Amino acid sequence: MALVMVAVLAGTSACGGGTPKASSDDGKGASRKATASAKPSPSKPKGPPMLLETITPQTGAKVGVAMPISVIFTNPVAEKARAGVEKHMKVTASQPTTGAWHWFGDRRADWRPKEYWASGTKVKVVADMRGVTNGNGRYGVRSYTHDFTVGDDVRADVSVTGHTLKVQKNGQPVRTLSINAGSAEYPTWNGTMAVIDKQEKVHMTSCSVGISCTKGDPNYYDLTLPWDVHLTQSGTYVHYSTGDPNPGSGSARGSHGCVHLSITDAKWFYGQVKQGDPVTVTGSPRAKASPDNGYAAFNLSWEQWLAGSASGATSAG
C-alpha cells in the first residue's frame with residue numbers, strides 16, 4: 001500500500017517497494033519530529049554556521065534494541081572533515097557498548113552498537129559542534145544533547161514462506177501471528193528493519209508510488225488503513241489491509257510489499273512495538289533493505305559498518 005503524505009522519514013510512500021533517495025540527496029532520512037536541543041555558543045562563528053537538522057531518537061525516548069542514533073546536518077560535510085566531526089559527537093552509555101559512526105552520503109551520520117543495545121541501557125549523545133568545521137567553510141556554533149533509554153527487548157521475525165510473524169520479548173516467545181507479505185511482482189524487503197514509528201491510521205494510494213493511477217486496475221488502491229507500524233523510508237509497513245482481511249497460508253493474495261495482519265492481530269502488534277524494535281524478514285525473493293532505508297543499520301555487517309566510519313570503533317561504556 002502507499003501513503004499520500006509521508007510522516008517521519010521522507011521518501012517514497014507505503015508498500016510501493018521503491019528505493020528511497022540517498023540521504024545525501026534529500027537529507028531527510030531522520031525523523032522530522034526529532035528536534036535537537038541546542039545551546040548557543042558565546043563565541044563568534046568563524047564563518048557561516050554548521051547546524052544539525054535533527055538528532056534521532058528524541059530526548060526522553062524509550063527505544064528498541066536495534067535503534068541507531070541518526071544525525072542529519074543542514075549542509076554537506078566534506079569527507080576530510082568527518083573524522084573531526086565524529087570526535088565531537090560523543091556517545092556514552094550506562095552499560096559497556098562498542099559502536100561507531102557510519103556516513104550515508106554527506107549529510108547523514110548514524111551511530112550503532114556492534115551488537116544490539118542491552119535492554120535498560122541509558123544513552124547520552126553530546127554533539128558539541130562549537131568551532132568544528134564541516135570542511136566546506138562552515139563552523140559549528142552550538143552544542144546538542146540528547147538522552148534516551150533502551151526499553152524491553154522486543155523482536156519480530158517474519159517468515160514470508162511460512163506466513164508467520166513471531167514476537168518475542170526479553171528472549172521469551174510471546175505470540176505467533178498469521179501474515180501475508182509481498183507478491184512476486186511487489187516483494188517485501190528482506191533483512192532487519194528497526195521500527196521507524198507507528199500511526200493508528202495512514203492514507204495509502206497506489207498512484208502516490210507509481211503503481212497505478214487508473215481506477216479499476218487490479219493494482220489500484222486508495223485506502224485509509226489502521227494499525228500501521230512503519231519499517232522503511234520507501235514505505236514498508238506491518239498493518240491491516242481491507243484487501244487482505246484474513247492473511248495466512250490459506251490466502252493466495254500478496255501485498256504490494258507490506259506485511260498484512262488480521263485486524264485483531266494488527267491492533268495487538270501495534271500495541272507491542274516501539275521505535276527501534278527490530279523486525280526481521282526472511283524468505284522473500286527481494287534483497288535486504290538498504291541500511292539508510294529508514295533505520296536498517298543491522299543489515300550491514302560490523303566490518304561493512306566500520307568501512308563507512310571516519311574514526312572507527314569507540315567505546316560508549
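Residues numbered from 1 in each chain as written. Predicted model: local features only at pLDDT ≥ 70, side-chain atom pairs only at ≥ 80, totals over all residues. Heavy atoms only, no water.

For the protein, the helix and strand inventory stands at 4 helices and 21 strands. Across the 317 residues that make up the protein, the buried fraction comes to 55%. Of all intrachain contacts in the protein linking residues separated by at least 6 positions in sequence, the fraction that spans at least 24 positions is 70%. When the accessible surface of the protein is summed, it comes to about 13000 Å², and 49% of that surface belongs to carbon and sulfur atoms. (Helix = DSSP H or I, 4+ residues; strand = E, 2+ residues; numbered from the N terminus. Buried < 20%, exposed > 50% of the residue type's maximum accessible area, 1.4 Å probe, protein only. Contact = heavy atoms within 4.5 Å. Areas by Shrake-Rupley, 256 points an atom, 1.4 Å probe, with all protein chains shown as cover.)

The subject of this paragraph is the pairing of strand β20 (residues 278-282). Summarising burial for β20: 4 of the 5 residues are buried, a large majority. Here strand β12 (residues 154-159) runs beside β20; their pairing, made up of 4 bridges, is parallel. Among the inter-strand pairings, Ala-156 is bridged to a residue of β20, identified as Val-279. Bridge count for strand β15 (residues 191-194) against β20 is 4 bridges, and the pairing is antiparallel. Each bridged residue has a counterpart across the sheet, and for Ala-194 the counterpart in β20 is Pro-278. (Pairing = 2+ DSSP bridges.)

Our focus in this paragraph is the packing of aromatic side chains. Considering all chains together, one arrives at 6 aromatic pairs under this definition. Between Tyr-116 and Phe-298 the ring centres are 4.7 Å apart and the planes differ by 80 degrees, which places this aromatic pair in the edge-to-face class. With Tyr-116 in the loop between β8 (108-113) and β9 (122-128) and Phe-298 in the loop between β20 and α4 (302-307), the pair connects residues that are 182 residues apart, well separated along the chain. In this structure Tyr-116 comes out as partly exposed when scored by relative accessible area, which is 25%. Members of the aromatic cluster, connected to one another through ring pairs, are Trp-111, Trp-117 and Phe-148. (Phe/Tyr/Trp six-rings, centres within 6.5 Å; stacked < 30°, edge-to-face > 60°.)

To continue, consider the environment of Gly-308. Among the secondary structure elements, Gly-308 is positioned in the loop between α4 and β21 (314-315). Residue contacts for Gly-308: discarding those within four places in its chain leaves Trp-101, His-102 and Trp-103.

Ile-69, Phe-73, Met-89 and Met-129 are the most contacted members of the largest nonpolar core, which totals 35 residues. Those elements giving two or more residues to this core turn out to be β3 (52-56), β5 (69-73), β6 (89-93), β7 (98-104), β8, β9 and β11 (142-150). Each residue touching Ile-69, except ones within four places of it in the same chain, is listed here: Thr-56, Pro-57, Val-91, Trp-101, Ala-109, Asp-110, Trp-111, Trp-117, Val-123, Val-125 and Phe-148. Judged by nonpolar contacts, the second largest core, of 27 residues, contains Ala-156, Met-193, Leu-261 and Phe-269. (Core = buried A, V, L, I, M, F, W, Y, C linked by side-chain atoms within 4.5 Å.)

Our focus in this paragraph is the sheet that holds strand β14 (residues 172-178). The 5 strands lie next to each other as β14-β13-β12-β20-β15, forming an open sheet whose pairing is mixed. Here the strands that pair on one side only, and so sit at the sheet edges, are β14 and β15. Taking each pair of neighbouring strands and ignoring which way they run, the sheet shows an average axis angle of 20 degrees. As defined by bridge partners, strand β13 (residues 164-169) adjoins β14 across 6 bridges and the pair is classed as antiparallel. Each bridged residue has a counterpart across the sheet, and for Val-167 the counterpart in β14 is Arg-175. Here helix α3 (residues 263-272) sits on the sheet and contacts β12, β13, β14 and β20; the angle it forms with β14, its principal contact strand, is near 145 degrees. (Axes fitted to C-alpha atoms, helices over the stretch in contact; angles between N-to-C directions.)

The subject of this paragraph is the pairing of β12. The pairing of β12 with β13 spans 6 bridges and is antiparallel. Its bridge partner being in β13, Ala-156 is matched across the sheet by Val-167. Where β12 folds back onto β13 in an antiparallel hairpin, the turn is made up of 4 residues, including His-163, whose phi is positive at roughly 60 degrees.

The tally for this structure, following the rule as stated, stands at 1 disulfide. Here Cys-207 connects covalently by a disulfide to Cys-213, the sulfurs 1.9 Å from one another. With the S-S bond torsion at 85 degrees, the cross-link from Cys-207 to Cys-213 turns out right-handed. Using a relative accessible area of 49% as the deciding quantity, one classes Cys-213 as partly exposed. (Disulfide = S-S within 2.5 Å.)

A low pLDDT means the predicted coordinates there should not be read in detail. Per-residue confidence for the protein averages 87 on the pLDDT scale, and 84% of its residues sit at or above 70. Low confidence marks residues 1-12, where pLDDT is under 50. Its contacts with residues over four positions away, or in another chain, come to 61 contacts. Contacts from residues 21-36, a stretch scored under 50 in pLDDT, to residues over four places away or in other chains number 49 contacts. (pLDDT = per-residue confidence, 0-100.)

Our focus in this paragraph is the pattern of salt bridges. Under the counting rule described, the total for this entry stands at 7 salt bridges. Note that Asp-277 is salt-bridged to Lys-274, the shortest N-O span being 3.0 Å. Considered together, Asp-277 and Lys-274 belong to a single accessibility category, that of buried residues. (Salt bridge = Lys/Arg side-chain N within 4 Å of Asp/Glu carboxyl O.)

What follows is about the sheet that holds β21. Ordered by their spatial adjacency, 5 strands build an open sheet running β3-β5-β8-β7-β21, and the pairing between neighbours is antiparallel. Across the chains shown, the open sheet's two edge strands, defined by having one partner strand only, are β3 and β21. Looking at chain direction, β7 and β8 are connected through 6 bridges and run antiparallel. Along β8, the bridge assignment pairs Phe-104 with Arg-108.

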